[in-house]
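Single-letter residue listing:
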Amino acid sequence: AKDPVRVLVTGAAGQIGYALVPMIARGVMLGADQPVILHMLDIPPAAEALNGVKMELVDAAFPLLKGVVATTDAVEACTGVNVAVMVGGFPRKEGMERKDVMSKNVSIYKSQASALEKHAAPNCKVLVVANPANTNALILKEYAPSIPEKNISCLTRLDHNRALGQISERLNVQVSDVKNVIIWGNHSSSQYPDVNHATVATPAGEKPVRELVADDAWLNGEFISTVQQRGAAIIKARKLSSALSAASSACDHIRDWVLGTPEGTWVSMGVYSDGSYNVPAGLIYSFPVACKNGEWSIVQGLPIDEFSRKKLDATAEELSEEKALAYSCLT
Ligand code: NAX
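Counting restarts for each chain: residues are numbered from 1 in the order of the written sequence. Only residues with pLDDT of at least 70 are given local features in this predicted model, and only at 80 or more are side-chain atom pairs given and counted; all residues enter the totals for whole chains, interfaces and linings. Hydrogens and waters are ignored; side-chain quantities use all the structure's heavy atoms.

1. Overview of the site of the ligand
Every one of the 21 residues lining the ligand counts as a neighbour, but Gln-15, Ile-16, Asp-42, Gln-112 and Asn-131 are closest to it. Burial of the ligand by the protein amounts to 81% of the accessible area it has alone, namely 880 Å². Secondary structure elements are taken from DSSP: a helix is a run of H or I of four residues or more, a strand is a run of E of two residues or more, and numbering for both begins at the N terminus. Of all elements in the fold, only α1 (15–25) and α4 (98–119) reach the threshold of two or more residues within the shell around the ligand. Residues are grouped as follows: Ala, Val, Leu, Ile, Met, Phe, Trp, Tyr, Cys and Pro are nonpolar; Asp, Glu, Lys and Arg are charged; all remaining types, including Gly, are polar. When grouped by side-chain class, the residues that make up the shell around the ligand number 10 nonpolar, 10 polar and one charged. We call a residue near a molecule or strand whenever a single non-hydrogen atom of that residue lies within 4 Å of it. For the area figures, the Shrake-Rupley method with a 1.4 Å probe applies, and any residue is considered shielded solely by the protein chains shown.

Laid out in structure tokens, this is it:
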């Protein structure tokens, strides 16, 4: 039998946490043959609720779950973890300035970066979910200099999956037959969902999404804004933000990173930019990536048309501004 993998979930008493931990314990993230030990971190006001989640994990009697650590101590939570899913953060409340929210999250990610750097297992893979996800990941990277930058990422897979879902609905095809959409940039409404390289598997072979949809006005307009605004639409309908889809996408992100993407398929991940596609180096930016042997690499050489170029640049610009704001909060 395999040795258990230790998976940290921060903000585990929250609503994404509640959807995510049972998925991890069932093997959705790391495979049906991979035992796991869950480490759950939250803050003292949520300690009792966190303990309730732990009780339910015991009650569910998951065969793969070999242990649960539920704590409000970041050092205890981070010790020995192989995978860290950072869902905890400070939400924007009504009337709060952007800078105040940024400043709260910068201080959370600065201190959790240090705890991970000192106590996580070597080669720990980090996924930041909490918003502002790209910039929280960047702060984490800056304050955990001994964690390789290749090991730090943020979640844009939910946006990627939303784009697949919209194409599948529009064409009335199975979502599993659609592939190679791209989310470029920030996990915010400036993101660019790009279908220029996306295809659908048909009985007659793979066909470009653009050819099948045959409606550029929809693809360049409503499709993009629907994906960008989907989070808000869920809040409007549910009176709560996306949780099951966020949790499922976080599992997809880690599973593909660890176990690999199929040949010829890519996914979207927020990763540290090396200047590919003329995106400024030093931002955490969502790119098309392929994964193999536990490592992602940016898919190179895709042609970028003028429409796309503007959108790639606009979301990069927003991330540069967020980065400047985050740095102005560091004391
Ligand atoms: P909740 O408010 O339900 O849960 C957040 C949890 O984090 C709470 O239990 C809170 O006590 C805890 N927390 C706060 N500060 C903490 C700290 N310093 N250490 C550990 N835990 C801490 O929010 P939820 O709906 O679960 O969303 C969590 C985060 O995901 C939010 O920042 C949200 O904006 C972000 N999202 C990101 C998405 C993405 O695709 N990247 C999509 C879904 C989601 O909106």
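Here the narrative resumes.
2. A closer look at the environment of Asp-216
Structurally, Asp-216 can be placed in helix α8 (residues 216–220). Think of it in three bands: residues with accessible area under 20% of the maximum for their type are buried, residues over 50% are exposed, and the middle band is partly exposed, with areas taken using a 1.4 Å probe on protein chains only. The class for Asp-216 is partly exposed, based on a relative accessible area of 44%. In protein, a polar contact requires one atom able to donate a hydrogen and another able to accept it; more generally it is a pair of N or O atoms within 3.5 Å, and residues adjacent in sequence count only if both atoms are side-chain atoms. At 2.8 Å, the side chain of Asp-216 and the side chain of Arg-210 are in polar contact.

3. As for the pattern of salt bridges
Any carboxyl oxygen of Asp or Glu that lies within 4 Å of a side-chain nitrogen of Lys or Arg is treated as forming a salt bridge with it. For the coordinates displayed, the defined rule picks out 10 salt bridges. Asp-216 serves as the salt-bridge partner of Arg-210, at 2.8 Å between the closest nitrogen and oxygen. For Arg-210, a relative accessible area of 23% corresponds to the partly exposed category. Three or more residues joined by partner-sharing salt bridges are found here, namely Arg-157, Asp-252, Arg-255 and Asp-256.

4. Structural notes on the environment of Ala-133
In this structure, Ala-133 sits in helix α5 (residues 133–142). Take Ala-133: its relative accessible area is 0%, and that puts it in the buried class. With 46 residues separating them along the chain, Ala-133 and Val-87 place their C-alpha atoms 9.2 Å apart. Contacts were defined at the residue level, with two residues in contact if any of their heavy atoms lie within 4.5 Å. Residues within four places of Ala-133 in sequence aside, it is in contact with Val-128 and Cys-154.

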